[in-house]
Amino acid sequence: MNKNKQESVAAAAEKALTDRRFDWLRTSRNRVLLAIATIIVVALVPAAYAVNSVVGLLAILATFGMYLLLRLAVRSIADLPDEYLDERQVSIRDDAYRAAFLWFAGLVVVMVSALLLLFMFRSTNGVLTLSLTWETLFGWVWVVIAASMCMPSIVLALRDREVPE
C-alpha cells in the first residue's frame, strides 16, 4: 500500500475508533434496531424493483445509507485492517466474519431452496416458465450484494453488548 493511502486509512481508522459524535447510535438497543432495519430494507429491494426502477434505486440508496449508519454504530471494526485494531477487536471481528459467512450461506441456501420449491409446486410436466424481468433480476442481485456487504456489521451490531473500542 502506498504511503498516502496508508496515511488516509490510518486517519480514517483513528477517527472511526475515537469519534464520540455517534455514541447515541452505539447503544445496544439502537444497534439492534439499526441491524433489524437494515435487514428489512435489504429484503424490500426486490419488491421496490417490482414497482419500478426508480423505486428500486431509492431502495438501494436507502440500503447504502443503512449500511453507512451501521458502520458508524460498530465503529467500522468489520472493515478495518488488523494493524489498526487491538487483539480483542481482531478476535471480535474475525468471529463476526465467520458468523456472517454462515448467515450468508444460510440465506443463499434458503433462496435456492425457495426456487426449487417454486419449481416443484408450479411446474406442469416438469416444465416451469418463469418471467424474469431486468428489474426482478436486478432486485435479487442487489439483495445478494447488500447482504454480503452488510452481514459482518449486522453480526457485530447484534452480537456485542458494547461497541468494541
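For the structure, check the block above.
In this text the structure is predicted, and so the values were computed from the model without any measurement.

Cut-offs applied
- Residues numbered from 1 in each chain as written.
- Predicted model: local features only at pLDDT ≥ 70, side-chain atom pairs only at ≥ 80, totals over all residues.
- Heavy atoms only, no water.
- Axes fitted to C-alpha atoms, helices over the stretch in contact; angles between N-to-C directions.
- Helix = DSSP H or I, 4+ residues; strand = E, 2+ residues; numbered from the N terminus.
- Parallel < 35°, antiparallel > 145°, perpendicular 65-115°, else oblique.
- Left-handed = near helix turned anticlockwise from the far one by under 90°.
- Contact = heavy atoms within 4.5 Å.
- Nonpolar A, V, L, I, M, F, W, Y, C, P; charged D, E, K, R; others polar.
- Buried < 20%, exposed > 50% of the residue type's maximum accessible area, 1.4 Å probe, protein only.

### Some thoughts on the packing of helix 2 (residues 28-51) against helix 3 (residues 53-73)
Contact geometry for helix 2 and helix 3: axes closest at 8 Å, N-to-C directions at 165 degrees. With respect to each other, helix 2 and helix 3 are oriented roughly antiparallel. Helix-helix and strand crossings are classified by hand; for helix 2 and helix 3 the assignment is left-handed. Note on element contacts: helix 3 touches helix 2 through S53, V55, G56, L57, A59, I60, A62, T63, M66, L69, L70 and A73, opposite R31, L34, A35, A37, T38, V41, V42, V45, A48, Y49 and V51. Split into classes, the residues belonging to the contact of helix 2 with helix 3 amount to 18 nonpolar, 4 polar and 1 charged.

### Examining unusual backbone geometry
Unlike most non-glycine residues, R75 shows phi in positive territory, near 60 degrees. Mapping R75 onto the fold places it in the loop between helix 3 and helix 4 (87-122). Exposure remark for R75: the relative accessible area of 1% places this residue in the buried category. Phi is positive for S76, which is not a glycine, with a value near 55 degrees. Turning to its location among the elements, S76 is positioned in the loop between helix 3 and helix 4.

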